[in-house]
Each structure stands twice: as C-alpha cells, then as structure tokens.
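One-letter residues, chain by chain:
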Amino acid sequence: MSTDTATLPTHEGEIDFAIPSLGKVCKTYYKVIGDLKSGKRPLVALHGGPGVSSEYLEILSDITQKHGNPIVLYDQIGTGRSTHLPETMGDTKFWTDQHFLDELDNVLKKLGIQDDYDVLGHSWGGMLGSRHAVRQAAGLKHLVLMSTPADMQLWVKSQLELLTRLPTDIQDTLRKHEQDGTTDSEEYKKAMGYFYSRFLCTLNPIPPAILAGFAWIEKDPTVYLTMNGPSEFYITGPLRDWTVIPDAHKISVPTLLTNGKMDEATDSVVLPFFKEIPKVRWVNFSESSHMAHYEERERFMEIVGDFLSQ
C-alpha cells in the first residue's frame, strides 16, 4: 500500500503556546493532512519519545486517503520544528505530562476541533493520550493506544526481560556503559541500535521518516534525557514512576489497543489497559515490533480506519 499525500490537501503552521513559568510564548509546529472542514472527524496523532518528532506518523494519511478523516500532527514542544528549550535540561519540575496535556488542549482549541476529534497515541504519545482520555474531554470520541505502556515499572521489568534475549556481548556492553556513566558513547549507541532492530523496528533498512524522528533526540536530547533517561530500559528520569493504571477505568470512549508480537511494549505493559478500560478491543500484530504502522502497514491502517469509522 502506498499513499500519495500530494493528492491530499495539506496545511502546516505554528500555534502560539504560552508558558507562564518561562515567561515566554513558544511555538508548536503542526501539520494537517486532509481537510478539517470536510465533515469527517479529525484524528490527532501524538508522537512518541518523548523527544522525537511527528514525521514518522505522516504515514497515517493512508486513513485519510481511504476514509477521509484528516490527520492532525504536531511536534511537541522541545523537539522537531517546535520551540526548543535546551536551557531546561534536567528541570524535572518543568518537563511533566501536565505540560504536554496543556499543549494538546491548546492545539485542539487553536485548530477549532476541541468539540469532535479522535486521538491516536504511539508509545509515549499513548501515555499522553491516555492521560487526556482519563479527563473525559467531551469532544474525544475514539482513542487508539498504539504500543503504549500503562505503567513504567512494568515497562522497565519487560525491557530487562527483553535484554536477556540479546547476545551476551551486547548485554555486557550495555551494562558496562550504564555502570560507568558513558551512555553517550558510540559503543553504547551501537548496542542500543541492536536492541532497537529487534524490538523497535524490524525493517531493514529502517524507513527514513522513523530515522528522522529519532535524529531529533540526537540534535536536542533535553526532553528525552530529562523525562526518561539514556535508554528505553535505563530510565533515570521522573517517567520511571509514571502510571495511569489507577485512573484507566475512567477512560469512557471506545478504545483500540495495539502492539506487536516482537514489540518492546510487551503484552504485560498493555494488559492493564485491557483490564481497566470498559469499552476496549486489543489487536496484536504478529509480524511487528514497535512500528506496526510500517511493519504491517496495510493491516494496521485497515483495522484503525475501520475502528474510527464505527
């Protein structure tokens, strides 16, 4: 399946986002693929990371092509084409999910779609989306949680189990650099690359849009290092204590859970959503890791598109 986004109307721009604690107005870059005035409910896609950009989610325009739903993408503050704040490196009081919830609300309001929209969140974006859904915003009609952990303690436990499936020399390299505080070394990054090739994206070569998104962490690691830490399983930031399990039962909209058989978001980290959300369906993609929208593109788009059309 291929989508020619050139045949779809596309609009991009910047939205003012005031941050009182910084005493400044930042800019949130956004891109709409499709027509917000078409009468079709827009799908707001929340990218992962935190700290990558939204480019790798533009592929969701497959859904626009078939069903007509416009896709709203935006780069969260601190990454991509939005305002960067390197001076806030290490400021865990500033970089919280509440900050990103406020930004999401601002995007919805400024685009005028706050009364009728769907949300798809991938990985960290799903964590953000679940927090948003817990608040039971009146305009939210469907929620898709793609490869999303419900609890970061469960996530770390699952990552450590995945590590045991790697060759011993890769495991030793990762542990050595974490113990020595040299996780910025090329050797560590190479070992992490092997981990990612098994559990984040199994495609070879990795699609350029995915690489472009993760390149932003290299360019400006402020958000990722502050909130998360050096890697997916060596989490030193405040996200290590993040959980939505106590509130997940408050998600009242129809919800689709997805993950891959080889996903770093293992079944154990998705299961609490399935147990707690009243109106929920769970689909596992047997040929995918963390990027089912690329690894099983046609099936993924069909399932998500049909779900949003219900």
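Here, the structure is the one placed above.
Source: prediction; values computed, not measured.

**Here's the deal with the pattern of salt bridges**
Counting across every chain of the model gives 16 salt bridges. The salt bridge involving Asp-116 is made with Arg-41; its shortest N-O contact spans 2.7 Å. Placement of the pair is Asp-116 in the loop between helix H2 (97–111) and strand S5 (117–122) and Arg-41 in the loop between strand S2 (24–33) and strand S3 (43–46), with a sequence separation of 75 residues. Residue Asp-116 is classed as partly exposed on the basis of its relative accessible area of 32%. When the shortest N-O distance is used, the salt bridge between Arg-297 and Asp-62 registers 2.6 Å. With Arg-297 in helix H11 (residues 297–309) and Asp-62 in helix H1 (residues 61–67), the pair connects residues that are 235 residues apart, well separated along the chain. Residue class for Arg-297 comes out partly exposed when judged on its relative accessible area of 23%. Its relative accessible area of 4% is what places Asp-62 among the buried residues. Taken together, the shared-partner salt bridges connect Arg-41, Asp-116 and Lys-141 into one network.

**Structural notes on the sheet that holds S5**
With mixed pairing, eight strands are arranged side by side in an open sheet as S1-S2-S4-S3-S5-S6-S7-S8. Looking at strand neighbours, the two that pair on one side only are strand S1 (10–19) and strand S8 (280–285), the edges of this open sheet. Mean inter-strand twist for the sheet, computed between neighbouring axes without regard to direction, equals 20°. Pairing geometry for S5 and strand S6 (residues 140–146), over five bridges, is parallel. The partner of Leu-120 across the bridge, within S6, is Val-144. Taken strand by strand, H2 contacts S1, S2, S3, strand S4 (71–74) and S5, and its axis lies near 130° from that of S1. Packed on one face of the sheet, helix H9 (residues 267–276) meets S6, strand S7 (255–260) and S8 and runs near 160° to S8.

Reading the values: the criteria
- Residues numbered from 1 in each chain as written.
- Predicted model: local features only at pLDDT ≥ 70, side-chain atom pairs only at ≥ 80, totals over all residues.
- Heavy atoms only, no water.
- Salt bridge = Lys/Arg side-chain N within 4 Å of Asp/Glu carboxyl O.
- Helix = DSSP H or I, 4+ residues; strand = E, 2+ residues; numbered from the N terminus.
- Buried < 20%, exposed > 50% of the residue type's maximum accessible area, 1.4 Å probe, protein only.
- Pairing = 2+ DSSP bridges.
- Axes fitted to C-alpha atoms, helices over the stretch in contact; angles between N-to-C directions.
- Contact = heavy atoms within 4.5 Å.

Structural measurements only, silent on function.
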